[in-house]
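What follows is each chain in one-letter form.
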Amino acid sequence: MLLIGCPWCGPRDETEYHYGGQAHVPHPETPADLDDRQWAEYVFYRDNAKGPFAERWVHSTGCRRWFNVLRDTVTNEVLAAYRLDEPRPELPQAGGNR
Amino acid sequence: MAEPTLDTGANTGANTGADAGEDAGPVAPRTSPLAHLAERMRAATVTGARGVALTEWPFITMADLRVDPASEAADRIEKTLGAPLPRQCGHTTASGPHTVVWLGPDEWLVLSQGEETAVAAELREALGEDPGSVVDVSANRTTLELSGPAARQVLEKGCPLDLHPRAMGPGRAVSTTVGPIAVLLWQVDDAPTYRLFPRSSFADYLARWLIDAMSEYRGPEIP
Ligand SMILES: [Zn+2]
């Protein structure tokens, strides 16, 4: 069970949330100009990071707000949670006591 | 949200008459989502040092309010309510017949003893043409009251929140889950008394879940 800190509600069990896939995927500025391959890449193609990964979560049974989480896909550690209007936080360099 | 579909079957609910328009025919009484379990909830009452009781408070007026808390519209709404909009998760404010519960950074639930259409109309007037919304959601949820010395233990069987007094107390209300059901959970007093607000269609399951969870307190504590 992950313990995820909602930016508005504080730490809650993973069961209160739903997952929303990779964060920071910009909507194409001129969608009409995209060919099928480019559109497919926007809709379906996502990174498969090993390590810190920025992803969207929604606090479904709490405040119902979407926000972003940085999660280490190797250790499942939740490194940071931040609002949609905040930039992706810088992480301390690997090593240390993580 | 519109009024719930009216049921012409066996009824125990009060007739609010809210639908009585100018064609003023007889209005079918509303049936609360848990009317059929009233007797079982009453029978599940446990008395004594491990006591706990469950009842439904049907037809509480509820309005969902969305507005930017920094806006002038929010000021007007606060004046209308006579209470500030709580700005933090878990906080509530109260004034006269209204209790305002934080649902999100720009969303509140106004619980009221007032007449439902009047409460929504007053808030909508205060909002005016500014961005935001006021929706009468009285039929969206029903209200269960769980109280008694064992009430916290009953909830702790299925609620992931910390309900210990260091984290939760009278006047706090938080959206969470009890069993698998999403509820708004409001602690009213130190008895402790909790009010649970499940969606109406999940109320039957939640009431049965609670009745089951309460049953062990009838007997002595097993060491
Ligand atoms: Zn939240």
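Residues numbered from 1 in each chain as written. Chains lettered and ligands numbered in written order. Predicted model: local features only at pLDDT ≥ 70, side-chain atom pairs only at ≥ 80, totals over all residues. Heavy atoms only, no water.

As a further point, take the environment of B:Leu111. Residue and element names in this part refer to chain B. As for its position among the elements, Leu111 is in strand 5 (residues 107-112). A sequence separation of 36 residues divides Leu111 from Ser147, and the C-alpha atoms of the two residues are 19 Å apart. Each residue touching Leu111, except ones within four places of it in the same chain, is listed here: Thr61, Met62, Pro97, His98, Thr99, Val101, Trp186 and Phe197. (Helix = DSSP H or I, 4+ residues; strand = E, 2+ residues; numbered from the N terminus. Contact = heavy atoms within 4.5 Å.)

Bringing the interface of chain B and chain A into the picture now. Counting residues at the interface gives 15 residues for chain B, matched by 10 residues for chain A. Both faces considered, chain B and chain A share a buried interface measuring about 990 Å² in area, 50% of it formed by carbon and sulfur atoms. Counting across the chain B and chain A interface gives three salt bridges. For the pair chain B and chain A, the interface holds six residue pairs in polar contact (both at pLDDT 80 or more). Listing elements by their share of the side of chain B that touches chain A, those giving two or more residues are strand 4 (98-104) and strand 8 (173-178) of chain B. For the side of chain B that touches chain A, the per-class residue count stands at eight nonpolar, four polar and three charged. (Buried area = accessible area lost by both parts, 1.4 Å probe. Salt bridge = Lys/Arg side-chain N within 4 Å of Asp/Glu carboxyl O. Polar contact = N/O pair within 3.5 Å; in protein donor to acceptor, adjacent residues only side chain to side chain. Nonpolar A, V, L, I, M, F, W, Y, C, P; charged D, E, K, R; others polar.)

What sets the pattern is the α-helix's 3.6 residues per turn: residues three or four places apart point alike. Taking 1.5 Å per residue as the helical rise, helix 5 (residues 200-214) of chain B with its 15 residues ought to reach 21 Å, and the 21 Å between its terminal C-alpha atoms agrees with that figure. Along helix 5 of chain B, the positions that sit buried rather than exposed are B:Ala203, B:Leu206, B:Ala207, B:Trp209, B:Leu210, B:Ile211, B:Ala213 and B:Met214. (Expected span 1.5 Å × (residues − 1). Buried < 20%, exposed > 50% of the residue type's maximum accessible area, 1.4 Å probe, protein only.)

Residues and elements named next belong to chain A. Protein coordination at the zinc ion comes from Cys6 (SG), Cys9 (SG), His59 (ND1) and Cys63 (SG), with a distance range of 2.0 to 2.4 Å. One can describe the donor arrangement at the zinc ion as tetrahedral, given that its four donor atoms subtend angles of 103 to 122° at the metal. Spacing between the donor residues of the zinc ion along their common chain follows C-x2-C-x49-H-x3-C. Within this pair, whereas Cys9 is found in the loop between strand 1 (3-6) and strand 2 (10-13), its partner Cys63 is found in the loop between strand 4 (52-58) and strand 5 (66-72), the two being separated by 54 residues in sequence. (Donors = N, O, S within 2.8 Å, 3.2 Å for Na, K, Ca; no water. Tetrahedral: all angles 85-135°; square planar, octahedral: opposite > 155°, others 65-115°.)

On to the domain arrangement of chain B, then. All names here are of chain B. Structurally, chain B comprises domain 1 (32-58 + 142-217) and domain 2 (59-139). Listed by partner, the interface residues are 13 residues for domain 1 and 13 residues for domain 2. Seen at the junction of domain 1 and domain 2, the total is zero salt bridges. Counting across the domain 1 and domain 2 interface gives four residue pairs in polar contact (both at pLDDT 80 or more). (Domains from an automatic or database assignment.)

Residues and elements named next belong to chain A. A sheet is described by the order of its strands in space; here four strands give the open sequence 3-4-5-6, paired in antiparallel fashion. Of all strands in the sheet, those bounded by a partner on one side alone are strand 3 (18-22) and strand 6 (78-82). Across the sheet, the axes of successive neighbouring strands diverge by a mean angle of 30°, strand direction being ignored. Pairing geometry for strand 4 and strand 5, over seven bridges, is antiparallel. The residue of strand 5 that forms the bridge with Pro52 is Asp72. (Pairing = 2+ DSSP bridges. Axes fitted to C-alpha atoms, helices over the stretch in contact; angles between N-to-C directions.)

This part covers the side chain of B:Ser138. Residue and element names in this part refer to chain B. As for its position among the elements, Ser138 is in the loop between strand 6 (133-136) and strand 7 (144-147). In this structure Ser138 comes out as buried when scored by relative accessible area, which is 4%. In terms of polar contacts, Ser138 uses its side chain to reach the backbone amide nitrogen of Met62, at 3.0 Å. A polar contact is formed between the side chain of Ser138 and the side chain of Asp136, at a distance of 2.6 Å. Residues within four places of Ser138 in sequence aside, it is in contact with Ile60, Thr61, Met62 and Glu116.

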